Amino acid sequence: MKIAFVADLGSPQALALIVGEGRKLCDGGTALDGQTGGVLSRAMQGSRFTGGKGKTLVVSAPHGLDASVVVLAGVGERETLTDLAIEEAAGAAYHAVKMSGAESLTVDARSLSADQAARLAFAVKLAAYRFDKYLTRQKPDKVPSVTALTIVCTDPKAAQAAFGPMSAVADGVIFARDLVSEPANVLYPEEFAKRCKALEKLGLEVEVLGEKELEALGFRTLLAVGMGSRRESQVAIMKWNGGKAGDAPLAFVGKGVCFDTGGISLKPPEGMEDMKWDMGGAAAVSGLMHALAGRKARVNAVGVIGLVENMPDGNAQRPGDIVKSLSGQTIEVLNTDAEGRLLLADCLWYTQDRFKPKFMIDLATLTGAMIVALGLDYAGVFSNDDSVAQPILDAGARVDENFWRMPLPDQYDRHIDSPAADVKNMGNGRAGGSITAALFLKRFVNDTPWAHIDIAPTAWVSKSQRSIVPDGAVGFGVRALDRMVADSYEG
């Protein structure tokens, strides 16, 4: 998507106009309506479109305008106009005309601030996302025609400046979406680490640990998960040094199971293809580090992702195995499909021990129980520290990524006590499965302030309800955590 900010309307092919609740055209829209002899107003009056958030009305080739199509995009109440309303309107406008045959979309933002004009461009950049690299025989009429976006605003330079950091965040979201969308035969642990290594061009320092290094360090539980795969397990460490020298970093840890068969505790075949996105937590951490580096965030941050495949060959770990973790704690593996917590146990311990971070936040598609508890629209947040959890919830509300604080009760901890080892990797039955998984992780964070985000419900969507979120990979967590960093931790 080619994006430009200009001062003059020119001769647009497809034109989008902002409309407030009550069919209130923006200032520029009112003037353009006059040029049409009131066609736009009459079209609204003759329809159910009232300017509600995210609603659109398409008017084809109105007399008096150069545009072949005009889309009226609702933002709701103009007096309480929010960034989210602007985003939804821009995304909806793009989708309304993307197959129209027009090659460019022009949005009249002359009634908006420079920051709001930039927000329109940010939204269209995300809305236009498609993962189509493997579609080799698409018919032309199935491919969006709109490939360029022009934002008409009163101060193009200011809008362009405001768009810079937003565009960097969008790039991070898109990077995460691409990772989650890739098939597992393409994106295996070494390839994932290679793509993270390429982020050094943004200024990140990236270190990749292979199996020899991990064995020497004592990452035995992570390595145990990957024993059944011919692909080598990896840990990628991404560092961004944008804050003061010596300041403790913010740490983000991601589960990266590039494909999860369940191992010896084999999953049923129906739906197993979805397990290519069991690395959604690692993708979110990678996308976040991409965003922080891209917008030159004034903070020190580290992202640590464990990358494995969970496969069922003759060398795979077995139910009943006991393995010694990096922390020294022993773990009884009752179910090899509860593998993400094993990987995270070593990564969390390593992160807190090596980097002494201000806090740790891990993201993982960890439990189906989280979907049972919260449905498909909320990620669960578990934390040992309110000062870590609350900024996540606040930031999520600002960017329309839904989080729900979950309990972490000490009385449930007994459910993961093992008679044969220090801890077992699952609770007693299905009750409270997401909670016992979080309590398992809590044993490996020491005294570090920490939050665990179970994104199993939100990493992938079948039918998106938002115009800037595609069906498929969401990139969930990148925007919220970037917003949290910007609001609460940057100087």
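As the structure is a computational prediction, the values presented were derived from the model and not from experiment. (Residues numbered from 1 in each chain as written. Predicted model: local features only at pLDDT ≥ 70, side-chain atom pairs only at ≥ 80, totals over all residues. Heavy atoms only, no water.)

K.L.:
Please give an account of the nonpolar core that cites residues and values.
P.N.:
Counting residues in hydrophobic clusters, the biggest one holds 106 residues, and the most contacted among them are Phe192, Phe252, Ile361, Ile453 and Met484. Top element by residues in this core is helix α5 (residues 156–181). It accounts for 12 residues. Leaving out residues up to four positions away in the same chain, Met484 has contacts with Phe252, Phe359, Ile361, Pro391, Ile392, Ala395 and Tyr489. In terms of nonpolar packing, the next biggest core, distinct from the first, is built from 47 residues, Val257, Val323, Cys347 and Trp349 among them. (Core = buried A, V, L, I, M, F, W, Y, C linked by side-chain atoms within 4.5 Å. Buried < 20%, exposed > 50% of the residue type's maximum accessible area, 1.4 Å probe, protein only. Helix = DSSP H or I, 4+ residues; strand = E, 2+ residues; numbered from the N terminus. Contact = heavy atoms within 4.5 Å.)

K.L.:
Tell me what's going on with the packing of α5 against helix α14 (residues 478–488), and back it up with residues and numbers.
P.N.:
For the pair α5 and α14, interaxial distance at closest approach is 9 Å and the crossing angle is 145°. Handedness of the α5/α14 crossing: right-handed. Residues Val169, Gly172, Val173 and Ala176 of α5 pack against Val478, Arg479 and Asp482 of α14. Residues of the contact of α5 with α14, tallied by class, amount to four nonpolar, one polar and two charged. (Axes fitted to C-alpha atoms, helices over the stretch in contact; angles between N-to-C directions. Left-handed = near helix turned anticlockwise from the far one by under 90°. Nonpolar A, V, L, I, M, F, W, Y, C, P; charged D, E, K, R; others polar.)

K.L.:
Go over the sheet that holds strand β15 (residues 379–383) with me, naming the residues and quoting the values.
P.N.:
Within the open sheet, the eight strands sit side by side as β8-β9-β11-β10-β14-β18-β15-β16. Their pairing is mixed. Unpaired on one side and paired on the other, β8 (205–209) and β16 (403–405) mark the two borders of the sheet. If you compare each strand with its neighbour and ignore which way they point, the axes differ by 20° on average. One ladder, built from three bridges, connects β15 with β16; its direction is parallel. Pairing of Ala379 across the sheet is with Phe403, part of β16. This element, helix α13 (residues 433–442), spans β14 (359–364), β15 and β18 (450–454) of the sheet and lies at about 145° to β18. (Pairing = 2+ DSSP bridges.)

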